[in-house]
Structures are given as C-alpha cells and as structure tokens.
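# Commentary on secondary and tertiary structure
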Amino acid sequence: MDRLARQPRVTGVAPAMYGQVMASRAARASGALVKGVIPKYENRVSELLKSIKLGSAAPLEPCADTDEACKNGKALPPIVLGKDLAETIGATVGSTIMIISPQGELSPIGMMPKYQQFKVAGIFRSGFYNYDSAWGFIRLADAQRLFSLPDTVISVIEFKINDLYKAEEVGNELEKAAGPGFVAKNWMDENRALFRALRLERVVTFLTIGLIVFVAALNILISLIMMVMEKTKDVAVLISMGAKRRQIRGIFMFQGVLIGVIGTVAGLVLGYAVAIAGAKYHFVALSSEVYSIDYLPFAPRVIDGLLIAAVALFISFVATLYPSWSAARVLPAEALRYE
C-alpha cells in the first residue's frame, strides 16, 4: 500500500476484503456482499460510509487494545447495511442478523457453512441500487475471522485518483507497479452494463432533440418564406429605389438569425435553470431496480451550452438561405405591374 500510494495521480488508498454471504434475520434472508474495511482508510477512497442515514460507522473502527472481548470476537461485531438490503431482511439499527459464509468449516459430518451473528450499527443510502440492495460493511478483522483468513491477508487494495476518467490508464500503471499476480479493475469495468444502457438512451435522446430542432428550423424557413411573400411589393420598391440585392438578402438573413439568437438565448437560460435545479433537488425520480440509480443526475457544463448554441445558430442561418435568395430575385416590374 505504501509503495503504490506514491504512484502519480493516486490521492487515496485503502485495504479491503470482499466476500459473498447470506444475510438473514428470522425467516427473511438475502444474498449479500460484505466488505471488510478500516474506516479511516475507506473514507479516503469512498463516500459510502459518509452516506449513513441511520446509526453510525463509528463501531467499525478497529478494536481498542484494552477491549479483549472485541479483539477475540466474543462480542457481537457491528455491521452497516444498505437501505434496500436492510428492508429485504427486515433489519433496523440495533437488530441482530446472521451472516452465513459459504466458505465453511470441516466437521465430523462434512463441510458446514460458517455463520456469525452481527449487530446492525448503521444503515446507509447511497442512491445506487447495486450498493443499497446488496452491500454490508464490517470490520476488516471481523471479515478475516469470518472467512477463516490470517490477519495479514486482504483481497483488494482500492485507490482513488485525481481524474476518474483516467481510471483505465492509471489502473494499468498500478498493475505494472504491483508486479505479477495482480489484476487491476476500475469503475468503468464494474459498471459497464449501466453505461451501455445510458449510452443507448443518449443516442435516442440525441435523435429526439435533433428532430425537434429540425422542426424548429422548418418553422423559421416557413416564417421567412411567408414574410418574403408579404413583403414582395416593399422589396420591389426598395430595389427600384436603388437597394442592392445583397442588401435585400442580408435583411432576411439577419431576420432569420435574429429569431435563432432569441430562441437560443431563451433556451439556454431555461435549460441551465432546470439543470441546476435538477442537480440540487433531484426532482426527476427513476426506478432504481431498472437504472441502478434512484434519480436523474444533471450536470450542466459550459462546453455543452456552447456546442448547442453553435449548432442551433448554424441551423437558423441555413434556414435563411433560400428565403433570402428568393427575396433578392424579386423583379420590381413584375411585382408592381398591377399597382
């Protein structure tokens, strides 16, 4: 840990131990993933222990040297459960639950599952269904006892880096630095199914918004064509008085672009207001069982606004080309023949 913590772009490091277990209380049970942690290290790489809504993570601190019952495993060890997992097995803060490990113990009648009672010290709610429905946190020492491992053994070393989008690159560097026998996994690999679903929805959203913008461009085009038809006589008079055709073309192009500018500015103001409010108040709820998250996250970025504004103004400009060209081709003699 000390050696890898000195690698570039690493800002936090923590030891941990994972294990698949069965969590039960009375007649209710559910599969779970327990994670053995040391809170002072875990808080450097994760926010989960900071999202506890009921109870506290303080009992997960390592046993004091003077607490023999805690060190020997004679007192009920603490566990912090995810909100949905706690609801599934009917546990609350202070409840006693049974954790059954498939890595059993050999007995005269064969291999027997190993079980241990835990006392629920807290319930966390991260908003991420995969965590809230299946995760539990216990002391690292308790995890080592539960899985019958020495107190010098852990299963993973977790890292927090300064740029989460460089996780794959940094992971490869850490894997090389750790030496043979180690494999690096990152958050992109762990949540690949979620990102596939979001990528598909992003494409559908892009197509939907593209169709809306296309309809808006048609409205600008039709409005300008109608304006050209209404102002044909006025255009003829201006041309007969010496106005150049490029000036006529410029008038209608300016009119169309002005419509686009007003609409784009209004849309950006409204869009950013909704996005900022959505990021703060989480008012768009989602089904966590389907999307793994329980609200729609908003992340308003300046670069997105600039890109959208540029595309909208370009479409508005393109929509003015035909009407302005049509207005510049008006023949004064034809337009004023019957006046």
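Reading the values: the criteria
- Residues numbered from 1 in each chain as written.
- Predicted model: local features only at pLDDT ≥ 70, side-chain atom pairs only at ≥ 80, totals over all residues.
- Heavy atoms only, no water.
- Helix = DSSP H or I, 4+ residues; strand = E, 2+ residues; numbered from the N terminus.
- Core = buried A, V, L, I, M, F, W, Y, C linked by side-chain atoms within 4.5 Å.
- Buried < 20%, exposed > 50% of the residue type's maximum accessible area, 1.4 Å probe, protein only.
- Contact = heavy atoms within 4.5 Å.
- Axes fitted to C-alpha atoms, helices over the stretch in contact; angles between N-to-C directions.
- Parallel < 35°, antiparallel > 145°, perpendicular 65-115°, else oblique.
- Left-handed = near helix turned anticlockwise from the far one by under 90°.
- Polar contact = N/O pair within 3.5 Å; in protein donor to acceptor, adjacent residues only side chain to side chain.
- Salt bridge = Lys/Arg side-chain N within 4 Å of Asp/Glu carboxyl O.
- Arc of directions from axis to C-beta.
- Pairing = 2+ DSSP bridges.
- Phe/Tyr/Trp six-rings, centres within 6.5 Å; stacked < 30°, edge-to-face > 60°.

## Examining unusual backbone geometry
Even without being a glycine, Ala 26 presents a positive backbone phi close to 55°. As for its position among the elements, Ala 26 is in the loop between strand S1 (10-25) and strand S2 (28-37). Within the chain, Ser 148 stands out as a residue other than glycine whose phi angle is a positive 55°. The residue Ser 148 is located in the loop between helix H6 (140-146) and strand S8 (156-161) in this model.

## Thoughts on the nonpolar core
Ranked by size, the top nonpolar core spans 22 residues in total, and within it Val 21, Ile 79, Leu 81, Ile 97, Ile 99, Val 120 and Phe 147 carry the most contacts. Mapped by element, the contributors of at least two residues to this core are S1, S2, strand S4 (78-82), helix H4 (83-89), strand S5 (96-107), strand S6 (110-124) and H6. Excluding its chain neighbours within four sequence positions, the residues that come into contact with Ile 79 are Ile 97, Ile 99, Phe 118, Lys 119, Val 120, Ala 121, Gly 122, Phe 137 and Ile 138. Ranked by size, the runner-up nonpolar core spans eleven residues in total, among them Val 37, Leu 48, Phe 124 and Trp 135.

## Details of the packing of helix H9 (residues 192-230) against helix H13 (residues 302-328)
Helix-helix packing is described using two parameters, namely the angle between the two axes and the distance between the axes. Relative orientation of the contacting elements H9 and H13 amounts to 20°, with a least axis distance of 9 Å. The orientation of H9 relative to H13 falls into the category roughly parallel. With respect to the hand of their crossing, H9 and H13 are arranged in right-handed fashion. Here Val 213, Ala 217, Ile 220, Leu 221, Leu 224, Ile 225 and Val 228 of H9 come into contact with H13, specifically with Ile 315, Ser 316, Ala 319, Thr 320, Tyr 322, Pro 323, Ser 326 and Ala 327.

## Comments concerning the side chain of Gln 144
By secondary structure assignment, the location of Gln 144 is in helix H6. Since its relative accessible area comes to 5%, Gln 144 is described here as buried. Within the local environment of Gln 144, its side chain forms a polar contact with the backbone oxygen of Val 153, the two atoms lying 2.8 Å apart. Excluding residues that lie within four positions of it along the chain, Gln 144 makes contacts with Met 17, Leu 149, Pro 150, Asp 151, Thr 152, Val 153 and Ile 154.

## Remarks on the pattern of salt bridges
One pass over the full model with this rule turns up eleven salt bridges. Lys 50 is the partner of Glu 47 in a salt bridge, and the nearest nitrogen-oxygen pair spans 3.9 Å. The class of Glu 47 is partly exposed, set by a relative accessible area of 47%. A relative accessible area of 52% means that Lys 50 is categorised as exposed. Here Arg 301 makes a salt bridge to Asp 304, at a shortest N to O gap of 3.0 Å. Each of Arg 9, Glu 169 and Glu 173 takes part in a single network of salt bridges with overlapping partners.

## Here's the deal with helix H10 (residues 232-240)
Among the residues making up H10, those that are buried are Val 235, Ala 236 and Ile 239. Seen along its axis, H10 keeps its buried residues to an arc of 100°; they face one direction.

## Section: the pairing of S4
Of all five residues in S4, five are buried; the element is thus mostly enclosed. Of the strand pairs in this sheet, S4 and strand S7 (residues 135-139) are connected by three bridges, and their pairing is antiparallel. Residue Val 80 lies in a different strand from S7, and its bridge partner there is Phe 137.

## A closer look at the environment of Leu 76
Within the secondary structure, Leu 76 is located in the loop between helix H3 (68-71) and S4. Classification of Leu 76 by relative accessible area gives partly exposed; the value is 40%. As for Leu 76 and Val 120, which are separated by 44 residues in sequence, their C-alpha atoms are 9.6 Å apart. What Leu 76 contacts, discounting residues up to four positions off in sequence, is Thr 96, Gln 117 and Lys 119.

## Examining the packing of aromatic side chains
Summed over the entire model, instances satisfying the criterion amount to nine aromatic pairs. Between Tyr 165 and Trp 187, the aromatic rings sit 6.3 Å apart at their centres with planes inclined by 70°, giving edge-to-face as the arrangement. Of this pair, Tyr 165 sits in the loop between S8 and helix H7 (167-178) while Trp 187 sits in helix H8 (residues 187-190), placing them 22 residues apart in sequence. The exposed category is assigned to Tyr 165, whose relative accessible area is 64%. Judged by relative accessible area, Trp 187 falls into the partly exposed class, the value being 32%. Following the ring pairs from residue to residue traces out a cluster consisting of Tyr 18, Phe 124, Phe 128, Tyr 131, Trp 135 and Phe 137.

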